[in-house]
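A structural walkthrough
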Amino acid sequence: MQRLSLFLAAGLMAYSFTGAAAEPVGDGVADLGSYAARVEVHPIASLTLTDRQFLTGSSDGAKPVTVTGVLRIAKPGADRLPTVILMHGSGGLSGNIEFWQRALGSRGISTFALDGFTGRGLTSVNTDQSLLSRTNLILDIYRALGVLAKHPRVDPARVAVMGFSRGGQAALYASLKRFDANWNRSGITPAVFLPVYPDCSIRFQDDTAVAARPIRMFGGSGDDYNPAASCAAYMERLKAAGSDVSLTVFPGAQHVYDNPAGPAQPTVAKGAQTVRACSLHEDADGAIVEGPKDTPFTYADPCVQRDPHIGSDEAARVATLKGVTDALEAAFGGR
């Protein structure tokens with residue numbers, strides 16, 4: 001995958017192949033015959049920005065970069081299909097992304113899995129989150145929407161954004177009207193936002209002004225990487241502002257619980273950084289600051305902790321699949 005992505009970054013066309021679509025079996029993943037009707041790998045022109053640049057809407061001095069997206073078209077034919085953008089977390093594309101590609105594809109929903117790392121020379125930022133400012137993945141989502149807006153097999157009225165961990169944070173905050181106005185040039189407003197165990201630790205300016213679309217968050221009560229409590233607090237603020245938002249928390253589920261290839265028992269993610277103990281918010285000048293003294297935040301701050309846990313949880317994974325499927329049916333129904 002890395003070689004293919006790097007090749008595409010330098011090339012001029014997308015690679016594709018075709019195959020037969022299969023009916024869903026079980027959760028749509030166990031059946032290895034659940035192939036897409038067509039797979040395309042698209043280069044996506046994006047930027048590498050600092051958080052301050054993104055938050056102030058300035059691209060001055062930003063570095064152009066080509067990231068990639070794997071579009072799995074669920075059904076053969078010429079119809080425009082519902083499509084879900086999948087934004088990976090701090091470990092890059094991994095088993096949970098494949099789970100969702102197959103599970104959604106077997107239900108007739110196309111997926112566009114983004115790789116925000118390879119084109120930037122990264123494979124993982126788990127142990128050094130400073131390697132890439134978090135808001136870059138929000139921009140990558142907006143740029144991906146621009147690709148989907150022009151694709152003849154995508155229904156622009158039935159596009160959803162889903163993300164996991166750091167990518168869940170991106171999927172969540174891609175809903176902010178301010179960010180959308182500054183950076184989204186696609187003409188698409190996603191039908192629903194689906195953050196899975198997102199990091200809700202940063203309080204942005206005007207972060208209760210979101211798109212008039214449902215936000216459906218999912219997390220685990222055992223998650224000590226991105227604790228669900230911070231998302232619960234944000235949900236209450238969004239509800240108070242009149243937003244259609246919910247948070248489903250699965251008892252005992254760990255971080256990355258939806259990855260079938262993850263450890264069956266809670267396992268330390270050795271050296272991984274977590275901001276669970278930090279109090280982060282956006283200052284007036286676009287800086288991310290920490291604590292009551294508004295100290296400029298860095299990952300060397302004492303509040304940054306290490307060695308959170310991860311673990312697979314089949315029950316939570318299946319329940320999340322149902323919750324996501326229900327949310328998509330409600331958002332896409334009748335279109």
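Refer to the structure printed above.
For the structure given in this document, a descriptive report is provided here.

1. So, the pattern of salt bridges
Using the criterion set out here, one finds 12 salt bridges in the structure. Arginine 178 is the salt-bridge partner of glutamate 282, the closest N and O atoms lying 2.5 Å from each other. With glutamate 282 in strand S13 (residues 280-282) and arginine 178 in helix H6 (residues 177-183), the pair connects residues that are 104 residues apart, well separated along the chain. As far as the burial class goes, glutamate 282 and arginine 178 line up, both buried.

2. Quick notes on the state of the cysteines
Tallying each qualifying case throughout the model produces two disulfides. In this model cysteine 200 forms its disulfide with cysteine 231; the gap between the sulfur atoms is 2.0 Å. For the disulfide bridge between cysteine 200 and cysteine 231, the dihedral angle about the S-S bond is near 85°, and by the sign convention the bridge is right-handed. Note that cysteine 200 is positioned in the loop between strand S7 (193-196) and strand S8 (202-203) and cysteine 231 in helix H7 (residues 228-240), a separation of 31 residues in sequence. Each member of the pair, cysteine 200 as well as cysteine 231, is classed as buried. Assigning the bonded cysteines of the protein consecutive numbers by sequence position, one obtains the connectivity 1-2, 3-4.

3. Focus: unusual backbone geometry
Located in the positive-phi region is valine 256, a residue other than glycine, with phi close to 60°. Relative to the helices and strands, valine 256 is located in the loop between strand S10 (245-250) and strand S11 (267-268). Valine 256 sits in the partly exposed class, given a relative accessible area of 22%.

Calculation notes
Residues numbered from 1 in each chain as written. Predicted model: local features only at pLDDT ≥ 70, side-chain atom pairs only at ≥ 80, totals over all residues. Heavy atoms only, no water. Salt bridge = Lys/Arg side-chain N within 4 Å of Asp/Glu carboxyl O. Helix = DSSP H or I, 4+ residues; strand = E, 2+ residues; numbered from the N terminus. Buried < 20%, exposed > 50% of the residue type's maximum accessible area, 1.4 Å probe, protein only. Disulfide = S-S within 2.5 Å.

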